[in-house]
Amino acid sequence: MSSFDDEEFKQLQLKVKFNVIPKTRLKKFNQLFAGYKTGLVKSEPGKFVMTTLYAKHAEILYRMEPRADDIWLLTFPKCGTTWTSELLWLLMNDCDTEKAKTTQLMSRTPFIEVPFLTPATELSPEAMQMLKSFEKMPSPRIFKSHLPFYLLHPKLLDTSKVVYVARNAKDAIVSFYHHHKLVKLHDFQGNLEEFADYFMEDEVLYAPFFPHILDAWSKRNHPNMHFMFFEDMKKDLKGEISKVATFLNQSPTDEQLDKITEHLRFDNFQQNEAVNNEAGKKMGWLNPDGRFIRKGKTGDWKNHFSPELNSRIDQWIEKNLAGSDLKFVSELEQQD
């Protein structure tokens, strides 16, 4: 019998309700976000934005039992998720870069929301099979998710090691915009300024941005939590790899550290077919133009924002970080 069916699994209740966002059912929104056939939903409390299919089955992931030797990678989208998940897998698998080049990252470090990232109204048999496969994975398991903590198992942080990666909002907006143009689930038809407005209004998938990060920031001193910044990886990749290795109780040799660092350098990473998702274009879930692993640059926002848009984003950032000691770097003099 699957754990989905046992009584203990069913007793853990998610005290969050999801309501359809009326705006996402309107013609203007549907013309811009052409992939959202059934609109989007927002949670109460939390105001978390997700697909209608996820809302129907949110308790499946909430009840997903963490193990003591699990490693969970949590991020807001386009904040270094793919890059860091490859890093984690290498550290936990004897720095085996050869296997990392020949085995798809998605099978090595599953992205747990994948079954729900579809306009479908019911889970397919394949999606259910994927969800059930998570509990059968041998230890140590490595999972990645864009869900906030309150939608994951309440004992996650006390049970498993969690790595959280944050990125400055400006580059996250630009990267998520290009992602929305590339991925057919979103199929965004508008321009960057329109997208930025929806982002700041918390009307894109996985919004809101700042509460997601601030919640993790508040947990940064928990012994099972490693909070890191995308910009620090760009500034000193090898140094950040070493910090993560220490957190995971791994002791790679200097030679292995050099090997991982070279493997993860952006030009190499972008060309690695096991991580770059170029196959998604043949499989039909990516549009032909654009790249899943795009630029990975800190400060690329300067090539995209008008002075007026930049000013509005600055005001939005200031408002959302008021009273917090969380600081972001949005430009680097030198980066890997």
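The structure we're discussing is the one just above.
Everything quoted here is computed from the prediction, not taken from an experiment.

Q: How would you sum up the sheet that holds strand β1 (residues 17-20)? Please name residues and give values.
A: Overall, antiparallel pairing links the 3 strands, which are arranged β1-β2-β3 in an open sheet. This sheet does not close on itself; its edge strands, each paired only once, are β1 and β3 (49-51). In this sheet, adjacent strand axes meet at a mean angle of 40 degrees when their direction is disregarded. As defined by bridge partners, β1 adjoins strand β2 (residues 40-44) across 4 bridges and the pair is classed as antiparallel. Within β2, the residue paired with Asn 19 across the bridge is Lys 42. Contacts from helix α3 (residues 52-62) reach β1, β2 and β3, with the element oriented near 95 degrees to β3.

Q: Before we move on, could you go through the environment of Leu 14 and cite the residues and values that matter?
A: In this fold, Leu 14 is placed in the loop between α1 (7-11) and β1. By relative accessible area, which is 9% here, Leu 14 ends up buried. Distance in space between the C-alpha atoms of Leu 14 and Pro 154 is 9.5 Å, their sequence separation being 140 residues.

Q: Quick one: what's the story with the packing of helix α13 (residues 237-247) against helix α14 (residues 254-264), residue by residue and with numbers?
A: Viewed as axis vectors pointing N to C, α13 and α14 meet at an angle of 120 degrees, and their least axial separation amounts to 10 Å. For the element pair α13 / α14, the angle class is oblique. You can see that α13 and α14 cross each other, and the crossing is right-handed. Here Leu 237, Lys 238, Ile 241 and Ser 242 of α13 come into contact with α14, specifically with Leu 257, Asp 258, Ile 260, Thr 261 and Leu 264. Among the residues making up the contact of α13 with α14, the classes are represented as 5 nonpolar, 2 polar and 2 charged.

Q: If you had to explain the nonpolar core to someone new, which residues and values would you point to?
A: Counting 77 residues, the largest nonpolar core has Phe 33, Tyr 54, Ile 173, Phe 195, Phe 199, Phe 209 and Trp 316 as the members making the most contacts within it. If we skip the residues at most four places from it in the chain, Ile 173 touches Leu 192, Phe 195, Ala 196, Phe 199, Phe 305, Ile 313 and Trp 316. Core analysis: the next-biggest nonpolar cluster, separate from the first, contains 26 residues, Leu 90, Cys 95, Leu 248 and Leu 257 among them.

Q: I'd like a rundown of the sheet that holds strand β4 (residues 71-75), residues and numbers included.
A: Judged by pairing direction, the sheet is parallel, and its 4 strands sit side by side in the order β5-β4-β6-β7 without closing on themselves. Each edge of the open sheet is held by one strand with a lone partner, namely β5 (142-145) and β7 (225-229). Ignoring strand direction, the axes of neighbouring strands in this sheet form an average angle of 20 degrees. Pairing analysis gives 5 bridges linking β4 to strand β6 (residues 161-166), with the strands arranged parallel. Bridging from a neighbouring strand, Trp 72 pairs with Val 162 of β6. Each of β4, β6 and β7 is contacted by helix α11 (residues 209-217), which is oriented at about 130 degrees to β7, the strand it contacts most. Against the sheet, α13 contacts β6 and β7, and its axis sits at roughly 170 degrees relative to β7.

Q: Hey, could you go over the packing of aromatic side chains for me, with residue numbers and the actual values?
A: Evaluation of the coordinates by the stated rule reveals 34 aromatic pairs. Residues Trp 83 and Phe 230 carry aromatic rings whose centres are separated by 5.5 Å and whose planes lie at 55 degrees to one another, so their mutual orientation is tilted. Taken together, the residues Trp 83 in helix α4 (residues 81-92) and Phe 230 in helix α12 (residues 230-235) connect sequence positions 147 residues apart. Accessibility classification places Trp 83 together with Phe 230 in one group, the buried group. When the ring centre of Trp 89 is taken as origin, the NZ or CZ atom of Arg 108, which lies over that ring, is 4.5 Å away. Lying across the ring of Phe 247, Lys 161 places its NZ or CZ 4.5 Å from the centre.

Q: Kindly report on the pattern of salt bridges, identifying the contributing residues and their values.
A: For the structure shown, the criterion picks out 18 salt bridges. We note a salt bridge from Glu 86 to Arg 108, for which the minimum N-O separation is 2.9 Å. Pair noted here: Glu 86 is in helix α4 and Arg 108 is in helix α6 (residues 105-108), with a separation of 22 residues, a long-range link. Among the residues examined, Glu 86 registers a relative accessible area of 0% and is labelled buried. Given a relative accessible area of 8%, Arg 108 falls into the buried group. With a closest N to O distance of 2.7 Å, Asp 314 and Lys 170 form a salt bridge. Of this pair, Asp 314 sits in helix α17 (residues 307-321) while Lys 170 is found in helix α9 (residues 169-182), placing the two residues 144 residues apart along the sequence. For Asp 314, a relative accessible area of 35% gives the class partly exposed. Through salt bridges with shared partners, one network takes in Glu 193, Asp 197, Glu 308 and Arg 312.

Q: Tell me what's going on with the pairing of β2, and back it up with residues and numbers.
A: Where burial is concerned, most of β2 is hidden: 4 out of the 5 residues are buried. As paired strands, β2 and β3 are joined by 3 bridges and run antiparallel to one another. In the strand pairing of β3, Lys 42 is matched with Val 49. If you look at the hairpin formed by β2 and β3, you'll find 4 residues sitting between the two strands, and Gly 46 has a positive phi there, around 105 degrees.

About the thresholds
- Residues numbered from 1 in each chain as written.
- Predicted model: local features only at pLDDT ≥ 70, side-chain atom pairs only at ≥ 80, totals over all residues.
- Heavy atoms only, no water.
- Pairing = 2+ DSSP bridges.
- Helix = DSSP H or I, 4+ residues; strand = E, 2+ residues; numbered from the N terminus.
- Axes fitted to C-alpha atoms, helices over the stretch in contact; angles between N-to-C directions.
- Contact = heavy atoms within 4.5 Å.
- Buried < 20%, exposed > 50% of the residue type's maximum accessible area, 1.4 Å probe, protein only.
- Parallel < 35°, antiparallel > 145°, perpendicular 65-115°, else oblique.
- Left-handed = near helix turned anticlockwise from the far one by under 90°.
- Nonpolar A, V, L, I, M, F, W, Y, C, P; charged D, E, K, R; others polar.
- Core = buried A, V, L, I, M, F, W, Y, C linked by side-chain atoms within 4.5 Å.
- Phe/Tyr/Trp six-rings, centres within 6.5 Å; stacked < 30°, edge-to-face > 60°.
- Lys NZ or Arg CZ within 6 Å of the ring centre and 35° of its normal.
- Salt bridge = Lys/Arg side-chain N within 4 Å of Asp/Glu carboxyl O.

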